[in-house]
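Topology and contacts: notes
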Amino acid sequence: MTFSLLARDPISGALGGAAATGNLCVGAWVLRGKAGVGISASQGRFPSTLWGGTVLGEIERGVAPDQAIQTTVMPDGGRASRQLLVLDQNGRGAAFSGQENVPMVSEVVQPGICAGGNMLSQSDVVGAMADGFLYSKDSFLRRLLAGLSCGANAGGDARGLMSAAILIIAQDHPPIDIRVDVAEDPLKALSNLATCIEAEEYVHWMRALPTSFTPYPSH
């Protein structure tokens, strides 16, 4: 149903999540993040919108990602139909994929990257998504887009795509949260939104907004 990529920018320390699906409103359903803590993607055949925030709460308490995943999923009797990815501020990742998710189901966890998907057209979609991010030399936002595009080009969601989203969080920058809730070509629409985000006027405006490091910026 969904394929998602979580990554840490080694240059800025920002965390980013990118997701696409053959259903509506993937940004609202899947991605959660807290600057200075981590970022998560909760998805699956019957996803839990609660898991993403719960696992980040565990990480904020100092629990390692793999244990945070286990603490989050084990009490849930429906966990076999769900999938959860998380990446902490240091780039440590973990993933859980329930056995009753619709095949193909796949996940990749390595330093600075956590990626996963379900109802995939083929198993190498997730690896292609991770490679697309790693091999791109563009901005962090564009690297996340490259990951989604490579996942889609490798087959993506078996039903095709309907929505896509990117979330970027950092303590020294306002969040970037762009979503295409429904479109014939959601990745193209998401790329168009990214172009707007990168416009000089918008970048200048964002520099004046509060962040965790500068809650009262001067204009």
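All values derive from a computational prediction rather than experimental measurement. (Residues numbered from 1 in each chain as written. Predicted model: local features only at pLDDT ≥ 70, side-chain atom pairs only at ≥ 80, totals over all residues. Heavy atoms only, no water.)

The next point concerns the overall build of the chain. From N to C terminus, the chain includes seven helices and ten strands. Its C-alpha radius of gyration of 16 Å places the chain within 12% of the 17 Å reference for a compact globule of 219 residues. Counting only C-alpha atoms, the chain reaches 50 × 40 × 30 Å along its principal axes. When contacts within the chain are restricted to residue pairs at least 6 apart in sequence, those whose partners lie at least 24 apart make up 56%. For the chain, the computed accessible surface area is about 10100 Å², with 54% contributed by carbon and sulfur atoms. The positive charge centre, built from 15 side chains, and the negative charge centre, built from 20, are 4 Å apart in the chain. (Helix = DSSP H or I, 4+ residues; strand = E, 2+ residues; numbered from the N terminus. Rg over C-alpha atoms; globule rule 2.2 N^0.38 Å. Contact = heavy atoms within 4.5 Å. Areas by Shrake-Rupley, 256 points an atom, 1.4 Å probe, with all protein chains shown as cover. Lys, Arg positive; Asp, Glu negative; His and termini not counted. Charge placed at Lys NZ, Arg CZ, Asp CG, Glu CD.)

To continue, consider the layout of surface pockets. In this approach a probe as big as a water molecule rolls over the atoms, and the regions it shows empty are the leftover space. In this model, the largest pocket occupies a volume close to 570 Å³. Taken together, 26 residues make up the lining of the largest pocket; nearest its centre are Asp-9, Ser-12, Phe-140, His-173 and Ile-176. Those elements that place two or more of their residues in the lining of the largest pocket are helix H5 (140-153), strand E9 (163-170), strand E10 (173-180) and helix H7 (200-206). Looking at the lining of the largest pocket, its residues break down into 13 nonpolar, six polar and seven charged. Of the pockets and cavities examined, the second largest pocket occupies roughly 190 Å³. Lining the second largest pocket we find 15 residues, and of these Thr-2, Asn-23, Leu-24, Trp-29 and Pro-47 sit closest to its centre. Contributions of two or more residues to the lining of the second largest pocket are made by helix H1 (26-30) and strand E4 (38-44). Residues belonging to the lining of the second largest pocket are distributed by class as follows: seven nonpolar, six polar and two charged. (1 Å grid on protein atoms, 1.4 Å probe; cavity = no way out; pocket = protein on both sides within 12 Å on 5 of 7 lines; lining within 4 Å. Points joined across faces, edges and corners; volume = space filled by probe spheres on them. Nonpolar A, V, L, I, M, F, W, Y, C, P; charged D, E, K, R; others polar.)

This part takes up the sheet that holds E9. The strand order E7-E8-E1-E2-E9-E10 describes an open sheet built from six strands, whose pairing is antiparallel. Edge positions in the sheet fall to strand E7 (106-110) and E10, since each of these pairs with one other strand and no more. Direction aside, neighbouring strands of the sheet carry axes that sit 5° apart on average. (Pairing = 2+ DSSP bridges. Axes fitted to C-alpha atoms, helices over the stretch in contact; angles between N-to-C directions.)

Turning next to helix H3 (residues 65-73). Buried within H3 we find Pro-65, Ala-68, Ile-69, Thr-72 and Val-73. Taken down its axis, H3 places every buried residue within 115° of arc, on the same side. Where H3 is buried, its residues meet helix H2 (51-60), strand E5 (82-88) and strand E6 (93-97). (Buried < 20%, exposed > 50% of the residue type's maximum accessible area, 1.4 Å probe, protein only. Arc of directions from axis to C-beta.)

Taken as a whole, this structure holds three aromatic pairs when the rule is applied. Arranged with centres 5.9 Å apart and planes meeting at 70°, the rings of Trp-51 and Phe-96 form a pair that is edge-to-face. With a gap of 45 residues between them, Trp-51 in helix H2 and Phe-96 in strand E6 connect regions that are remote in the sequence. Accessibility assignment for this pair places Trp-51 and Phe-96 in one class, buried. On the numbers, 6.0 Å between centres and 75° between planes, the contact of Phe-133 with Phe-140 is edge-to-face. Here Phe-133 falls in the buried class, since its relative accessible area comes to 2%. Between the NZ or CZ atom of Arg-143 and the centre of the ring of Phe-133, over which it lies, the distance is 4.1 Å. (Phe/Tyr/Trp six-rings, centres within 6.5 Å; stacked < 30°, edge-to-face > 60°. Lys NZ or Arg CZ within 6 Å of the ring centre and 35° of its normal.)

Right, let's talk about the sheet that holds strand E3 (residues 31-34) for a bit. On the basis of which strands lie adjacent, the open sheet formed by four strands has the order E3-E4-E5-E6 and antiparallel pairing. Only two strands of the sheet have a single neighbouring strand rather than two, namely E3 and E6. Adjacent strand axes in the sheet meet at a mean angle of 10°, parallel and antiparallel pairs treated alike. H2 rests against E3, E4, E5 and E6 of the sheet, and its axis sits at about 35° to E5. H3 rests against E5 and E6 of the sheet, and its axis sits at about 30° to E6.

So, on to the side chain of Thr-72. Assignment of secondary structure puts Thr-72 in helix H3. The exposure class assigned to Thr-72 is buried, which follows from its relative accessible area of 6%. At a separation of 2.8 Å, a polar atom in the side chain of Thr-72 contacts the main-chain carbonyl oxygen of Ala-68. (Polar contact = N/O pair within 3.5 Å; in protein donor to acceptor, adjacent residues only side chain to side chain.)

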